[in-house]
Amino acid sequence: MSEKIKVMVIDDEEVVHASIERILSRYGYEVVGMTTAQAALERLGREKFAAVITDLMMPEMNGVRMLEAMKERRMQIPTIMITGYPTIKTAVEALRLGAVDYIPKPFTRKELLNPLNRALRRASQTDGQAEMGGGGQGTASPRPGDCFYLPGHAWAVCRQDGAVDIGVETSFLSVLPPVERIALPGEDELVEQGLASIQIVGQGEDHCVFMPLSGRVLAVNQDLVQRPGELAADTWLVRVLPSNLAREIELLKKRALP
């Protein structure tokens, strides 16, 4: 009999523990529940876990601070953040610190399982993309061709006309099953940084991509919608006129073109 995949759940509400354990145990996971981030960090230092699912709002140490502590201790464990009080700022910050996904409560079985599947696949791969630091140095006036990205989700390339082309990160695409359908926002629709606006479906899994920037959609890659199997890391999906580019790129990272 194969060894069960062990997942740590950190939340100070027993009902959340029970809900997650009920879902994951049906799929053969071993769930270990912790009620505080500090106790969780100590156990993570002693035992091996395949993934961590943690609440954002916890006493003494919240989920963002826990991600920071994990990063300081070089704990490279795929982590999913859950919260009943979602904000765009905390969502982006969690992703910058290495969280795989950000799930608002209450969540469905698919909303939990699909990010977990992606997290576990990503853990077995090495992300070879070189980061060039945060977007806070010299990015107040981005130039055409500059590329900014929301780690693990999406990239945005600045265009000559002031718009940005948005696509999906390699680390996100590399852990997806074969893509069967892509759902994109419509032209003139408003999108927001840190919120899910791109949906990718394949083999019964439904994965949501968070937007790197806010703004109004100018164009959609309809050819890709018709041929979703051609989705690649250098393919643009939507073209957006940013509404607050200078401020929002400060929350992103910068690197070479995808």
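Being a predicted model, the structure only gives us computed values, none of them experimental.

1. What about the pattern of salt bridges?
Working step 1: As enumerated under the stated definition, the model contains 14 salt bridges in all.
Working step 2: A salt bridge links Glu93 to Arg96, with the nearest nitrogen and oxygen atoms 3.8 Å apart. Within this pair, Glu93 and its partner Arg96 are both found in helix α4 (residues 88-96), separated by three residues, close to a single helical turn.
Working step 3: According to the relative accessible area criterion, Arg96 is partly exposed, its value standing at 23%.
Working step 4: The closest approach of N and O atoms between Lys254 and Asp146, which form a salt bridge, is 3.9 Å. Here the residue Lys254 occupies a position in strand β15 (residues 253-255), and Asp146 occupies one in the loop between α5 (109-123) and β6 (147-150), the gap between them amounting to 108 residues. For the pair Lys254 and Asp146, one class covers both residues: buried.
Working step 5: Here the residues in one salt-bridge network are Arg159, Asp161, Asp165 and Arg239, joined through shared partners.

2. Some points on the sheet that holds strand β9 (residues 181-183)
Backbone hydrogen bonds hold the strands of a sheet together, and the pairing may be parallel or antiparallel.
Working step 1: Sheet architecture is open: three strands sit in the order β9-β11-β12, paired in antiparallel fashion. In the strand order of this sheet, the two ends are held by β9 and β12 (205-210), each with one partner. Between one strand axis and the next, the sheet turns through 20 degrees on average, direction left out of account.
Working step 2: Bridge count for β9 against strand β11 (residues 196-202) is three bridges, and the pairing is antiparallel. Across the sheet, the residue bridging to Arg181 is Val201, located in β11.

3. Re the side chain of Asp11
Working step 1: Within the secondary structure, Asp11 sits in the loop between β1 (5-10) and α1 (14-25).
Working step 2: The buried category is assigned to Asp11, whose relative accessible area is 0%.
Working step 3: A distance of 2.8 Å separates the side chain of Asp11 from the backbone nitrogen of Glu13, its partner in a polar contact.
Working step 4: One polar contact links Asp11 to Lys105, side chain to side chain, over a distance of 3.2 Å.
Working step 5: In contact with Asp11, other than residues within four places in its own chain, are Val16, His17, Met34, Thr35, Asp55, Met58, Ile82 and Lys105.

4. Some words on α1
Working step 1: Its 12 residues give α1 an end-to-end C-alpha distance of 16 Å, which sits within 8% of 16 Å, the value for a rise of 1.5 Å per residue.
Working step 2: For α1, the full list of buried residues reads Val16, His17, Ser19, Ile20, Ile23 and Leu24. All buried residues of α1 fall inside an arc of 165 degrees around its axis, so they share one side. Pointing more than 90 degrees away from the buried face of α1 are the exposed residues Glu14 and Val15.
Working step 3: Here the buried face of α1 lies against β1, β2 (29-34), β3 (51-55), β4 (79-83) and α5.

5. Concerning the pairing of β6
Working step 1: The alternating pattern of β6 places Cys147 and Tyr149 and Phe148 and Leu150 on opposite faces, both of which are buried.
Working step 2: With four bridges connecting them, β6 and strand β7 (residues 154-158) associate as antiparallel partners. When the sheet's bridge partners are listed, Tyr149 is paired in β7 with Trp155.
Working step 3: The hairpin formed by β6 and β7 contains three residues between the paired strands, and Gly152 there has a positive phi angle of roughly 80 degrees.
Working step 4: Note that β6 and β15 share three bridges and pair antiparallel. Bridged to Phe148 within β15 is Lys254.

6. Thoughts on the environment of Leu218
Working step 1: In this fold, Leu218 is placed in strand β13 (residues 215-220).
Working step 2: According to the relative accessible area criterion, Leu218 is partly exposed, its value standing at 32%.
Working step 3: Sequence spacing of Leu218 and Cys208 is 10 residues, and the spatial spacing of their C-alpha atoms is 20 Å.

Cut-offs applied
- Per-chain numbering applies: the sequence of each chain, read as written, is numbered from 1 onward.
- In keeping with the model being predicted, local features are shown solely for residues with a pLDDT of at least 70 and side-chain atom pairs are shown and tallied solely at 80 or more, while totals for entire chains, interfaces and linings include all residues.
- Based on all heavy atoms of the structure, the side-chain values leave hydrogens and waters out of the count.
- When a carboxyl oxygen of Asp or Glu is within 4 Å of a side-chain nitrogen of Lys or Arg, the pair counts as a salt bridge.
- Strands are runs of DSSP state E lasting at least 2 residues, helices are runs of H or I lasting at least 4, and numbering of each runs from the N terminus.
- Summary of the burial criterion: residues with accessible area below 20% of their type's maximum are buried, those above 50% are exposed, and those between are partly exposed, where the area comes from a 1.4 Å probe applied to protein chains only.
- When DSSP finds at least two bridges between two strands, those strands are taken to pair.
- Under this scheme, a helix contributes an axis fitted over its contacting stretch, all axes are lines through C-alpha atoms, and angles between N-to-C directions fall in the 0 to 180 degree range.
- Within 3.5 Å is the distance limit for a polar contact, defined as a pair of N or O atoms, with the added protein rule that one can donate a hydrogen and the other accept it, and that residues adjacent in sequence qualify only through two side-chain atoms.
- Contact criterion: two residues are considered in contact whenever any of their non-hydrogen atoms come within 4.5 Å of each other.
- Expected helix span is taken as 1.5 Å per residue step, with the number of steps being one fewer than the number of residues.
- Arc definition: directions from the helix axis to the C-beta atoms.

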